[in-house]
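For reference, the chains in residue letters:
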Amino acid sequence: MLNTISTAVTAVAAKTNALTVTADGYNPNIGVNDDVPGAAFASDMAGGVFFYAYIGLGVALVLAGLLWGIGKLSKNQGMQSVGVGAVVTVLIAAVLVGSANGLIAWFSSQTLI
């Protein structure tokens, strides 16, 4: 029985091997074109988004610190833990926003194949 299955698998593999088409990697040589209309506007808008993100993160950090401090002073365990979690979350978000350009540049330079 096992010999019959092995023979059948070999026969199927031989038939499909004749139909196999291999594709070589193709590089279309597409590069970044920053001369398109609106590129400067889009860049300015992205800079504005980063500006407001930094302001929002700063305000959130102050509020989270206040929440943490008030929770500590009032001996409110729930408020204190929420404040600590908010501070950590804001700091991680600030790291991600601050390193967005570097992350995009690094990931866009990686090859998949």
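Residues numbered from 1 in each chain as written. Predicted model: local features only at pLDDT ≥ 70, side-chain atom pairs only at ≥ 80, totals over all residues. Heavy atoms only, no water.

Q: So what about the overall build of the protein chain? Which residues, and what values?
A: In terms of helices and strands, the protein chain carries 4 helices and 0 strands. Counted from the first residue to the last, the protein chain has its helices and strands arranged as α-α-α-α. Within the protein chain, counting contacts between residues at least 6 apart in sequence, those at least 24 apart form 47% of the total. Accessible surface computed for the protein chain: about 9,500 Å², of which carbon and sulfur atoms make up 70%. (Helix = DSSP H or I, 4+ residues; strand = E, 2+ residues; numbered from the N terminus. Contact = heavy atoms within 4.5 Å. Areas by Shrake-Rupley, 256 points an atom, 1.4 Å probe, with all protein chains shown as cover.)

Q: So what about the packing of aromatic side chains? Which residues, and what values?
A: Counting across every chain of the model gives 3 aromatic pairs. Ring centres of Phe 50 and Tyr 54 lie 6.4 Å apart, and the angle between their planes is 25 degrees; on these two criteria the pair is classed as stacked. Of the two residues, Phe 50 and Tyr 54 both sit in helix H2 (residues 39-73), 4 residues apart, roughly one turn of that helix. Residue Tyr 54 is classed as partly exposed on the basis of its relative accessible area, which comes to 43%. Between the aromatic rings of Trp 106 and Phe 107, the centroid separation amounts to 4.7 Å while the plane-to-plane angle is 75 degrees, which identifies the pairing as edge-to-face. (Phe/Tyr/Trp six-rings, centres within 6.5 Å; stacked < 30°, edge-to-face > 60°. Buried < 20%, exposed > 50% of the residue type's maximum accessible area, 1.4 Å probe, protein only.)

Q: Kindly report on the side chain of Gln 80, identifying the contributing residues and their values.
A: Considering the arrangement of structural elements, one finds Gln 80 in helix H3 (residues 77-98). Under the relative-accessibility criterion, Gln 80 is labelled buried at 19%. Gln 80 has contacts with Trp 68, Gly 71 and Lys 72, leaving out every residue within four places of it along the chain.

Q: Run through the confidence of the model for the protein chain, naming residues and quoting values.
A: Parts of the prediction with low pLDDT should not have their coordinates interpreted in detail. Averaged over all residues, the pLDDT of the protein chain equals 82, while 74% of them reach at least 70. The least confident element of the protein chain is helix H1 (residues 2-18), whose mean pLDDT is 55; the most confident is H3, at 95. (pLDDT = per-residue confidence, 0-100.)

Q: Go over unusual backbone geometry, please, and point to the residues and values.
A: The backbone phi angle of Lys 75 is positive, close to 55 degrees, even though this residue is not glycine. Position of Lys 75 relative to the elements: it lies in the loop between H2 and H3. Overall, the relative accessible area of 76% leaves Lys 75 in the exposed class.

Q: Break down the environment of Val 88 for me, citing the residues and quoting the values.
A: Counting through the fold element by element, Val 88 comes out in helix H3. Sequence separation of Val 88 and Leu 61 is 27 residues, and the distance between their C-alpha atoms is 9.0 Å.

Q: Break down the packing of H2 against H3 for me, with residues and values.
A: Running from amino to carboxyl end, H2 crosses H3 at an angle of 160 degrees, the nearest separation of the two axes being 8 Å. By the angle between their axes, H2 is roughly antiparallel relative to H3. The element H2 and its partner H3 pack so that their crossing is left-handed. Tallied by class, the residues present in the contact of H2 with H3 amount to 20 nonpolar, 5 polar and 1 charged. (Axes fitted to C-alpha atoms, helices over the stretch in contact; angles between N-to-C directions. Parallel < 35°, antiparallel > 145°, perpendicular 65-115°, else oblique. Left-handed = near helix turned anticlockwise from the far one by under 90°. Nonpolar A, V, L, I, M, F, W, Y, C, P; charged D, E, K, R; others polar.)

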